[in-house]
Amino acid sequence: MDGGLAPLAAARVGRGASVSLVDLEKRFEGVGAVRGISLEVASGEFLTLLGPSGSGKTTTLMMIAGFETPSGGDIAIDRQSVVGVPPHRRNIGMVFQNYALFPHLTVAENIAFPLKQRGVDRATRAARVVEALQLVRLPGYEARYPRQLSGGQQQRVALARAIVFQPRLLLMDEPLGALDKQLRESLQLEMRRLHADLGITFVYVTHDQEEALTMSDRIAVVNEGRIAQLGRPEELYDRPCDRFVASFLGESNFLTGTVRGMEAGVVVADCAGAVLRAVAPQGLAVGSAVTLSTRPERMRFDGVSGAAEGNRLRTTVTEAVFAGERCRYLLRAEDGTMLVLKEPSSATTRRRAVGEVAEITWPVADTVVV
Amino acid sequence: MKNRPPLLLLTSLVLLFLALPIVLIVTVSFSSAVYLTFPPPAFGLRWYRAYLGSADWLASTWLSLAVAAATVALATILGTLAALGLTRLPRAVRTAAAALILSPLIVPGIVVAIGIYYAFSRWGLIGSPVGLVLAHTCLAVPFVVTSVSASLANFDRRLEQAARSLGATPWGAFRQVTLPLIRPGVLVGALFAFITSFDELIVALFLSGSGAVTLPRRMWDDLRFAIDPTIAAVSTLTIVFTALLLGGAHVLRQRTAR
C-alpha cells in the first residue's frame, strides 16, 4: 500500500459495509425489471453486477442507493434494512455513468459538497479536498471547472467526491463506459488500488466482461432480472453454469449431443460425430440431450506442443485470422458445428490453411456441461 | 448577392413599419401642443411634467408596479414548481397538465377576463389589487412554465440524484444544484411575468373597478375621455422601461448560452 497516503486512506475503518439483498424485486408498470435477486456482499468486497443492458443490474444498484423503491424483498446494509430510508441518509458513495459533476461548481466545491451537507467546517473541508485529490492522483485541480477537464479527469473528480466523506459502501454505475480503451484500462487498475487502499465495499455495475474479470473479487452475472451465476472471476470463466454465462463472459464453443453414460463426475456424450467428455457436477440420464462448452483458447491442434489429451475432434479449417498475439481459426466439425480455436501466435507454429483437415484436442477439465 | 438590395429595402420597410408607432408616440410626447397633433409645432417637456404632477397618474404607476411585483413573486414560484412537477409526471398526464397550465395563452384574453370577472365578483375581488394580482398570475404562469421548462430540458436529473447520494436533502439538492442551473430560465420567466402584468389591459378593464386603476387602464380611460399628450409621455416611459427589462432578459439568455 502507498505509505504516503493522507488520513483519508489511513482512516479506513478496516472494513466496509456488508450488503444483503433478499428476494429483491422491482416492477415498472407491471413488468419485472428485477425478479428476485438475493445476494450477500461481504464487508470490503469488490462485487460486480455484470449483465447486458436491460438485465436489471442498474435498477438493482438504484435500489441500493435509494433512488428506486423495491416492489418486493429487502435490502440491508450492515444487517439494517434500508428500505424506506431516503438516499441522503444512506451514507453511500455513488459514481454515475456520466460522472454527474455539478457544472456550476469548481472541482474543490464539487468534492466539498458532501462534506458541506454534513456540516464539516470550512478549514477541514479544504484539507479533505486536497487529500481526496491526491488519492485520485489529480492534485492542484481545485479551481478548475468540470468542463475544463478531460473525461478521465472528470471521472477521478467524481470518484474523489464519492469517497471524500468516507462512506463504507461505494456504488458505481458503468463509471468507465464513456472512456476510450486505454484510459479505461489504466482507470481499472486505479479502481483496484483505491479499493485496496480504502478497504470499503465496492458494488460495481458494468456490461463489460473484461472490466468485471479484471477488477472484481466476485461477479454476479445478471440476466433478465435474475442472477444467472455468482462467483469468483475464475470460477465463472472456467465453470459457467449455463449457455448465457458461457457466451456473455468470454467466448465459448458449444457442442450439442446426447448422454452416453457417466464416469465419476464426468459425462460421456456423443457430440459432433465423436465421443466427448465433460465435467458434470451432477448425474445426467443416459439418452438425454446435453450441451458441452469449451473456451476457444483451451483447444489446440493435435501434435502442437501443449496439446493435452482428452477430447479429440476432426475438423476442417474454414477461416484463419492472424490477430497479433494470437491466431484465430474458424473450424467446422463433421456434423457442421462451427468452432473457434485461438492459438497463441509464434514464429515457429505452422499456420493452418483454409480447407485443411485438422484434428483438435482439449482437456476434459476444460469442458463443462451448460 | 444579387438579391441583396431588394432584401435590404424590404427589411428596412418592415422595420420602419414596426418602429413607426413608437417613433410617432415618442415624438408627440415631447410636443408643446395641447392636443395630440403630428408633427408637433414645438418641443418641450410639459407633458412629462403633467404626468409627474398628477396624483392619479402616479398612483396608477405605483399600483401597476406593485401588482406586477406581486405577480412576479407568485407566478415565478408557482410556475417554477409547476415546471418541476411536470417533469415528474407520467407522459400522458404531463401533456394534459401542461395544456391546462398553458391554456391562458390559448384562450382569447377577453374570454379569460369575462370568466375571471364573474368568479371574482362573487368573491368581492373587483376593484382590489389582490384580484388583479391573482388574475395576472394566471396569465403570467404559462410564461414562467415555458421558460423554466426549457431550462429543465437541458438539466440532467442525475445531478439531483448525485446531490442526494452525497447527503443533500431534497430541498438542499434543489437549492444547491437544480436552482442554480435553471436560474436563467427562472429569471427570464420572472421578467416576462412582470411585463405581462405591467402591460395588461383587458383583465384590468374588468377588474380595476374604481378602486384599483392600473397604468394601462388609466391610459385607456384617458384616451377615451380626454385626449392630451400626457398619454404619449406615459407611453414613452413605459416603452423605455419595458425595453430595459427585455434587454436584461437578453443579457441573461446570452449568459446561459455561454
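Counting restarts for each chain, with residues numbered from 1 along the sequence as it is written. A letter from A marks each chain and a number from 1 marks each ligand, given out in the order of writing. Per-residue local features are limited, in this predicted model, to residues with pLDDT of at least 70; the limit for side-chain atom pairs, both in listing and counting, is 80 or more; totals at the level of whole chains, interfaces and linings are taken over all residues. As a rule here, side-chain values cover all heavy atoms of the structure and leave hydrogens and water aside.

K.L.:
Whenever I open this one, a nonpolar patch on the surface confuses me. Can you help?
P.N.:
All names here are of chain B. A contiguous nonpolar patch, built from Leu 105, Ile 106, Val 107, Ile 110, Val 111, Ile 114, Tyr 117, Tyr 118, Ile 126, Phe 143 and Ile 202 and spanning about 930 Å² of accessible area, is present on the exposed surface. Think of it this way: any DSSP run of H or I at least four residues long counts as a helix, any run of E at least two long counts as a strand, and we number them from the N terminus. Listing elements by their share of the nonpolar patch, those giving two or more residues are helix H4 (91–106) and helix H5 (109–122). Position of Tyr 118 relative to the elements: it lies in helix H5. Between buried and exposed lies partly exposed: a residue is buried under 20% and exposed over 50% of the maximum accessible area for its type, with that area taken using a 1.4 Å probe on protein chains only. You can call Tyr 118 exposed: its relative accessible area is 54%. Patch membership requires over 30% relative accessible area and the absence of a salt bridge. Like charges are linked within 9 Å, and nonpolar side chains (Val, Leu, Ile, Met, Phe, Trp, Tyr) within 5 Å. Surface accessibility in these figures is a Shrake-Rupley result with a 1.4 Å probe; residues are shielded only by whichever protein chains are displayed. Any Lys or Arg side-chain nitrogen located within 4 Å of an Asp or Glu carboxyl oxygen qualifies as a salt bridge.

K.L.:
Even after reading the chapter, I still don't get unusual backbone geometry, so can you show me in this structure?
P.N.:
Residues and elements named next belong to chain A. Phi at Arg 79 takes a positive value of approximately 70°, unusual for a residue other than glycine. Note on placement: Arg 79 falls in the loop between strand E4 (72–77) and strand E5 (80–81). Classification of Arg 79 as exposed rests on a relative accessible area of 61%. In this structure, Glu 174 takes a positive phi of about 45° despite not being glycine. Relative to the elements of secondary structure, Glu 174 occurs in the loop between strand E7 (169–173) and helix H6 (181–198).

K.L.:
Quick question: what am I supposed to make of the interface of chain A and chain B here?
P.N.:
Interfaces are often sized by the amount of accessible area the parts lose when they come together. Any two residues having at least one pair of non-hydrogen atoms within 4.5 Å are treated as being in contact. With 23 residues of chain A in contact, the opposing surface of chain B contributes 16 residues. The contact between chain A and chain B buries some 1700 Å² in all, and 65% of this surface belongs to carbon and sulfur atoms. Between chain A and chain B we count 0 salt bridges in total. What qualifies as a polar contact is a pair of N or O atoms within 3.5 Å, subject to a donor-acceptor requirement within protein and to the restriction that residues adjacent in sequence count only when both atoms come from side chains. Taken together, the links from chain A to chain B amount to 4 residue pairs in polar contact (both at pLDDT 80 or more). Looking at the side of chain A that touches chain B, the elements with two or more residues in it are helix H3 (107–117) and helix H5 (151–163) of chain A. Counting residues per element, the side of chain A that touches chain B draws most heavily on H3(A), at 4 residues. Gly falls in the polar group here, along with every residue not listed as nonpolar (Ala, Val, Leu, Ile, Met, Phe, Trp, Tyr, Cys, Pro) or charged (Asp, Glu, Lys, Arg). Class assignment for the residues of the side of chain A that touches chain B results in 15 nonpolar, 5 polar and 3 charged. We define buried area as the total accessible area lost by two parts upon association, computed with a 1.4 Å probe and summed across both.

K.L.:
Explain the sheet that holds E7(A) here, please?
P.N.:
Two modes of strand pairing occur in sheets, parallel and antiparallel, and in both the strands are linked by backbone hydrogen bonds. Residue and element names in this part refer to chain A. When DSSP finds at least two bridges between two strands, those strands are taken to pair. Judged by pairing direction, the sheet is mixed, and its 6 strands sit side by side in the order E6-E7-E8-E3-E9-E10 without closing on themselves. Looking at the sheet topology across the chains shown, the edges are occupied by strand E6 (93–95) and strand E10 (226–231). Each neighbouring strand pair of the sheet contributes to a mean axis angle of 15°, computed without reference to strand direction. Where helices are involved, their axes are fitted lines through C-alpha atoms of the stretch in contact, as for all axes, and angles between N-to-C directions lie from 0 to 180°. H5 contacts E6 and E7 of the sheet and is inclined by roughly 165° relative to E6.

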